[in-house]
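Okay, here's what each chain looks like letter by letter:
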Amino acid sequence: MTEITESNFNHLQGRIVALELIMRYWLSGEFLSKNDPLTYADNLKKAMFGSLQNAEIGEVTSEKDAIWSEVVDALDLIFSTAKDRARATLERGG
């Protein structure tokens, strides 16, 4: 495996954070464009997680398992924060 320098690591982390922020804002907008935004959010999340079931994430026993576990955690966080943002917008009457 190639060693990652601190500079490369910081670069990758910055790119990942930027992508996460973009996805949260985009998902919030996507949720709000539907008639029932919060139900749509739940259904979309279930569909996405259903497609990940083939990864059979359970006990982390390898680097590959650890990566898939991080994917699930990241998606869960992105969906929950996007749904919270959509909910807050709805509560404000937006």
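Here, the structure is the one placed above.
Nothing here was measured: the structure is a model prediction, and the numbers come from that model. (Residues numbered from 1 in each chain as written. Predicted model: local features only at pLDDT ≥ 70, side-chain atom pairs only at ≥ 80, totals over all residues. Heavy atoms only, no water.)

Side chains that are three or four residues apart share a direction in an α-helix, a result of its 3.6 residues per turn. With 27 residues, helix α1 (residues 6-32) should reach 39 Å at 1.5 Å per residue; the first-to-last C-alpha distance of 39 Å fits that figure. Residues Arg24, Leu27, Ser28 and Phe31 constitute the buried set of α1. Buried residues along α1 sit in contact with α2 (37-52) and α3 (63-91). (Helix = DSSP H or I, 4+ residues; strand = E, 2+ residues; numbered from the N terminus. Expected span 1.5 Å × (residues − 1). Buried < 20%, exposed > 50% of the residue type's maximum accessible area, 1.4 Å probe, protein only. Contact = heavy atoms within 4.5 Å.)

Right, let's get into the packing of α1 against α2. The axes of two packed helices give the description: the angle between them and the distance between them. Interhelical geometry of α1 versus α2 gives an angle of 125 degrees and a closest axis separation of 8 Å. On the basis of their axis angle, the class for α1 and α2 is oblique. Listed contacts from α2 to Leu27, Glu30, Phe31 and Leu32 of α1 are Pro37, Tyr40, Ala41 and Leu44. Residue composition of the contact of α1 with α2, grouped by class: 7 nonpolar, no polar and 1 charged. (Axes fitted to C-alpha atoms, helices over the stretch in contact; angles between N-to-C directions. Parallel < 35°, antiparallel > 145°, perpendicular 65-115°, else oblique. Nonpolar A, V, L, I, M, F, W, Y, C, P; charged D, E, K, R; others polar.)

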